Amino acid sequence: MSTILAKKPASLTDVPMHYCPGCGHGIVHRLLAETFEELKIADRVIGVAPVGCAVFADSYFACDCVQGAHGRGPAIATGIKRSKPQAIVFSYQGDGDLASIGMAEIVHAAVRSENITVIFINNAIYGMTGGQMAPTTLVGQVATTAPKGRDPKLQGWPINMCEMLSQITGSKYLARVAVDTPQNVLKAKQCIKKAFENQVNGVGFSMVEVLSQCPTNWHASVEQALEFVRTKMMPQYPLGVFKDEGGK
Amino acid sequence: MPRIEVDDNRCKACYLCVNACPKKCLGKSKTISKKGYFPAVQERPQDCIGCKMCYVICPDVAITVLKD
Amino acid sequence: MTEKTLRKGNEALAEGAIRAGARFFAGYPITPQNEVPEYMAAYMADAGGAFVQAESEVAAINMVYGAAATGTRSMTSSSSPGISLKQEGITYLASADLPCLIVNVMRGGPGLGSIGGAQGDYFQATRGGGNGDYHVIVLAPNSVEELGNFPKLGFDLAEKYRMPCMILADGILGQMMESMAFNFDPIDPNKLGKFDWAVDINKNGRAKNNVFSYKGDNLIADVVERAKRYGLIEKTEARYEERNAEDCDVLLVAYGLSSRACLEAVNRAKEEGLKVGLFRPITLWPFPSKRLAELAKNVKAILTVEQSLGQLVQDVKLAVGDKTPIYLQAYPAGGQPDGAAILTGVRSCLNGGKEGLFDLQEHAKGFTYECKRDLSLGVQGDRKGETK
């Protein structure tokens, strides 16, 4: 008789994920699912899936899900949470979604300190649409709409959302993590768990930014993509907890 | 004895698990899966220490870690 | 049911919505609908609901999307330019089959326009408004009493057919005060059942519910299937009001505020010995085409009176065809109709005159126009002095 040490959590469905090989989304999905079970909140979770690579996230999470318009996740989550205060509501968003078209929604969800959890996948590129420049694209990084690399004179500089949102009183928990190594994945898990614990405890707006690899649109092998996260992204987007007013 | 099972229906052959394994006991399958990938496979189960690093890094949640 | 009280239109609407069981409201300030969110801010929490002043109309409608997904009676209100911003959310709501109430207290347009009452958003409301093939049910009140009572009708229809419902009012209706009574008892949302499609907590092993607008391979089937509901709604839910409509020579067609000026014209006409009737669509979509076509057979002419530049008249033409002459009296961009002017139009309908009638080709007769570039002003490609 064999014992199971680790397997796909029940909070994920059996639907195989469509993400490209090596993409970080699936790891983050699993961390969320594990968190739901460990915090025993699986029956209370309602997810908001974005427009972008994670548009099908509603098929992967076993919880009830709402898929909404590009950038509007925090607004949709606000509507759900205010209507069902007992629900644990999360908005799952990419960088174009959260830091470009949805900038107003994320900032004002933080301003209102909505008691929701936001998972922000930062891979410095528009993935689903095929590699266009994102607000988080690094200086010099080539994208289909920045064919010569991002030039600050023309396209400005990358935006650091955790640092920016940390200026808002309503932000209660802000952390940036990565999923490039098993060690970082385990650290990411702790932060994601904290962000959901905060919601359970009524702390207010919590967001975890995840530096995630996009081998496909970076035109890199999986190994090269992990290297890019470490050597290029982390200097621009340092890992760490930027705000923690959650208490114990 | 710890060992792993890889779900060929989910694995997309990114081999993050192969690189993550501290005992280097995973490898690439010689046979193609229904999905068109050469999935990861545990080549040397006898070396597995059940550390779950492969499970932790797998983006497709394709790995189950067991102990017999 | 209540006794008659004096209420402002926007406040009657807001109170009516709370009475109808609305427990989520998100909005953004815009004149002339500000009393609606202000009323909600004051009373929604006491009713056990949530009011959110959103960061934009776009955010507000998406908050409604989230709240409606939980099965909560949810609504937003705005005015013309704000409703344009909400179209993103409205097409998503329609696509995700979510019932909700959207109120447009119309003002003059296009663009920022003016803050006076107008009816320029008829096409936007009745044709869907956002991208893709869809409809919203459109209710057009013409009194403070209807403004107060239509939220219940709107929620009932929206839920019955799982789609957004819009109340299309205007700045004057919203701002004016009238004696009114609610014709229904307050609804306690705790006594309303749940929907089997809504997202919720305490799933207790039921299959998961997804509310989504992305349909992928199922899109065609989904849109075609939803159209059956539209067909059913067109057949069964068209609402209208008639005055002297079965015994008149000229039938006025007007909705909302315009219909009140038309009523004045109907009454004055009687004094003059003219036989004038009124057909007032209460649902603009579904448009009460069948009844209008029946009435059209027995009249000499139809005069459409609208506070827009020929929008309603197109539905009248679609309904009636070319058997009956159809004329238009148009008051675009915030212009206000009055009974005397309408009667002038009525006389023109009967005697072949042009006074008081609007015809686009007549309007543009002899007019020429051409915008030209002028090299003497310099060349467009000259970017000297620019920093990038």
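Residues numbered from 1 in each chain as written. Chains lettered and ligands numbered in written order. Predicted model: local features only at pLDDT ≥ 70, side-chain atom pairs only at ≥ 80, totals over all residues.

Let us look at the nonpolar core. V210 of chain A, C17 and C54 of chain B together with V64, L101 and L252 of chain C are the most contacted members of the largest nonpolar core, which totals 217 residues. The leading source of residues in this core is helix α3 (residues 57-69) of chain C, at 10 residues. Summarising the domain contributions, this core has at least three residues from each of domain 1 (5-199 + 216-236) and domain 2 (241-363) of chain C. Among residues more than four places away in sequence, those in contact with V64 of chain C are G79 of chain A together with F24, A26, S74, M75, T76, G89 and C100 of chain C. (Core = buried A, V, L, I, M, F, W, Y, C linked by C-beta atoms within 7 Å. Buried ≥ 20, exposed ≤ 12 C-beta atoms within 10 Å, placed from the backbone. Helix = DSSP H or I, 4+ residues; strand = E, 2+ residues; numbered from the N terminus. Domains from an automatic or database assignment. Contact = placed C-beta atoms within 7 Å.)

Attention shifts here to the domain arrangement of chain C. All names here are of chain C. Domain parsing of chain C yields domain 1 (5-199 + 216-236) and domain 2 (241-363). Spacing between the C-alpha centres of domain 1 and domain 2 amounts to 27 Å. Across the boundary between the two partners, domain 1 contributes 27 residues, which contact 21 residues of domain 2. Listed by contribution, the elements that provide at least two residues to the side of domain 1 that touches domain 2 are α5 (122-126), β6 (137-139), β7 (164-170), α7 (171-175) and α8 (219-236). The greatest single-element share of the side of domain 1 that touches domain 2, amounting to four residues, is contributed by α5.

Residue and element names in this part refer to chain A. In this model, helix α1 (residues 25-38) (14 residues) spans 20 Å end to end at C-alpha, consistent with the 20 Å of a helix rising 1.5 Å per residue. In terms of burial, α1 is largely enclosed, as 11 of its 14 residues are buried. Buried within α1 are the following residues: H25, G26, I27, V28, H29, R30, L31, L32, A33, T35 and F36. Downstream of α1 by a residue or two, K40 has a phi angle that is positive, lying close to 55°. (Expected span 1.5 Å × (residues − 1).)

Looking now at the confidence of the model for chain C. Taken over all residues, the pLDDT of chain C has a mean of 96, while the share at 70 or more is 99%. Among the scores for the predicted complex, ipTM is 0.96 and pTM is 0.96. (pLDDT = per-residue confidence, 0-100.)

So, on to the packing of α3 of chain C against helix α4 (residues 80-95) of chain C. Residues and elements named next belong to chain C. Contact geometry of α3 with α4 gives a least axis separation of 7 Å together with a crossing angle of 25°. With respect to each other, α3 and α4 are oriented roughly parallel. Of the two elements, α3 crosses α4, and the hand of that crossing is right-handed. Together, E57, V58, I61, N62, V64, Y65 and A68 of α3 and G82, L85, K86, E88, G89, I90, Y92 and L93 of α4 make up the contact between the two elements. (Axes fitted to C-alpha atoms, helices over the stretch in contact; angles between N-to-C directions. Parallel < 35°, antiparallel > 145°, perpendicular 65-115°, else oblique. Left-handed = near helix turned anticlockwise from the far one by under 90°.)

The next thing to look at is the sheet that holds strand β5 (residues 117-122) of chain A. If you walk across this open sheet you meet the eight strands as β8(A)-β6(A)-β7(A)-β5(A)-β4(A)-β2(A)-β3(A)-β9(C), and the pairing is mixed. Each edge of the open sheet is held by one strand with a lone partner, namely β8 (240-244) of chain A together with β9 (210-211) of chain C. Pairing between strand β6 (residues 171-178) of chain A and β8 of chain A: four bridges, direction antiparallel. Among the inter-strand pairings, Y173 of chain A is bridged to a residue of β8 of chain A, identified as D244 of chain A. Helix α3 (residues 73-83) of chain A rests against β2 (45-49), β3 (64-67), β4 (88-94) and β5 of chain A of the sheet, and its axis sits at about 170° to β4 of chain A. (Pairing = 2+ DSSP bridges.)

Here the focus is the interface of chain B and chain A. On the chain A side, the residues contacting the 23 residues of chain B number 23 residues. Listing elements by their share of the side of chain B that touches chain A, those giving two or more residues are α1 (16-20), α2 (53-57) and β4 (63-67) of chain B. For the side of chain B that touches chain A, the residue count by class is 14 nonpolar, three polar and six charged. (Nonpolar A, V, L, I, M, F, W, Y, C, P; charged D, E, K, R; others polar.)

Moving on, we come to the arrangement of the chains. Taking contact number as the criterion, the leading pair out of two pairs of chains in contact is chains A and C. What separates chain B from chain C at the closest point of their C-alpha atoms is a distance of 20 Å, and the two make no contact.

Right, let's talk about the interface of chain A and chain C for a bit. The interface of chain A with chain C comprises 30 residues on the first partner and 34 residues on the second. Breaking the side of chain A that touches chain C down by element, the ones donating at least two residues are β3, α3, α5 (103-111) and α6 (152-155) of chain A. Ranked by residues supplied to the side of chain A that touches chain C, first place goes to α3 of chain A with eight residues. Residues belonging to the side of chain A that touches chain C are distributed by class as follows: 14 nonpolar, seven polar and nine charged. Summarising the sheet, β3 of chain A and β9 of chain C pair through two bridges and their orientation is parallel. Note on β9 of chain C: the bridge partner recorded for C65 of chain A is N210 of chain C.

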